Amino acid sequence: MSAPDRSRKRIAVLISGRGSNMAALLRNDCGGDVVVVGSNKADAKGLDVARDAGIATFAISHRDYANREAFDAALVTALNEFQPDLVVLAGFMRILTPVFVNAFAGRLINIHPSLLPSFPGLDTHERALADGVKLHGCTVHFVTPELDRGPIIAQAAVQVDDEDTPDTLAAKVLTQEHQILPYAVRLFCEGRLAVEGLRVRTRPARGG
């Protein structure tokens, strides 16, 4: 057995459901290796996808803890066993407290289904249609204690058509999520992201 490549970043992914964005990371060479996938739901379908790919998994139910802070502390402990260089929230449906966010500050990113700062939080596609926007999309951003407000790494937009429903719009956006999340993770793993306040600048590739 060959020794692990220490030049590649160790990536942990947190999910709550089918894990399609996690699967997109597995399909693409992001400059790092997914070493663990965790969930707050033991029956999350994405855990099966990860296991089938030979990746370690764990599940910790938030219902087993008295408050958000206690759950977040347990999550930090579980992740630290795998020494991640980057933690990716890929459909992880929990609002995280500073206990968690500060533990991974600067190496914690999230994929959100809207063009932030528009439509933070839940039900983004329904809200976009209700507000009559003509462009919608998705955002990868660094996570800070303020919900869906961290520095933006990458965005992708889709056109909102008159016949769109929340489901059709979600499908359009998901296709873009599967593209920009691996792209953003690669930028991180290659050390090409420079954060200046709420702005993220992308350094040229080496030799570029």
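Use the structure listed above.
These numbers were taken from a predicted model, which means no experiment stands behind them. (Residues numbered from 1 in each chain as written. Predicted model: local features only at pLDDT ≥ 70, side-chain atom pairs only at ≥ 80, totals over all residues. Heavy atoms only, no water.)

One finds Val 13, Val 37, Val 88, Ile 109, Leu 181 and Val 185 to be the most contacted residues of the largest nonpolar core, which totals 38 residues. The element that contributes the greatest number of residues to this core is helix α6 (residues 166-189), accounting for nine residues. Apart from the residues lying within four places of it in its own chain, the contact partners of Val 13 are Met 22, Leu 25, Val 34, Val 36, Val 37, Gly 38, Val 88 and Ala 90. The next biggest cluster of nonpolar side chains, apart from the first, holds 20 residues, and it includes Leu 79, Val 87, Leu 89 and Val 101. (Core = buried A, V, L, I, M, F, W, Y, C linked by side-chain atoms within 4.5 Å. Buried < 20%, exposed > 50% of the residue type's maximum accessible area, 1.4 Å probe, protein only. Helix = DSSP H or I, 4+ residues; strand = E, 2+ residues; numbered from the N terminus. Contact = heavy atoms within 4.5 Å.)

Let us now look at the state of the cysteines. Per the stated rule, a full pass over the model turns up zero disulfides. Lacking any disulfide linkage, Cys 189 is separated from the closest cysteine sulfur, that of Cys 30, by 7.0 Å. Judged by its relative accessible area of 11%, Cys 189 is buried. (Disulfide = S-S within 2.5 Å.)

Spatially, the seven strands line up as an open sheet ordered β3-β2-β1-β4-β5-β6-β7, and their pairing is mixed. Only two strands of the sheet have a single partner each, and these edge strands are β3 (56-59) and β7 (152-159). The average undirected angle you get between the axes of adjacent strands in this sheet is 20 degrees. Here strand β1 (residues 9-15) pairs with strand β4 (residues 86-89) via four bridges, running parallel. The residue bridging Leu 14 from the neighbouring strand is Leu 89, located in β4. The strands that helix α2 (residues 45-52) touches are β1, β2 (32-39) and β3; relative to β3, the one it contacts most, it runs at about 155 degrees. (Pairing = 2+ DSSP bridges. Axes fitted to C-alpha atoms, helices over the stretch in contact; angles between N-to-C directions.)

This brings us to α2. Here α2 has its buried residues at Gly 46, Leu 47 and Ala 50. All buried residues of α2 fall inside an arc of 105 degrees around its axis, so they share one side. For α2, exposure combined with an orientation more than 90 degrees from the buried face picks out Lys 45 and Asp 52. In the core, the buried residues of α2 are packed alongside β1, α1 (20-27), β2 and β3. (Arc of directions from axis to C-beta.)

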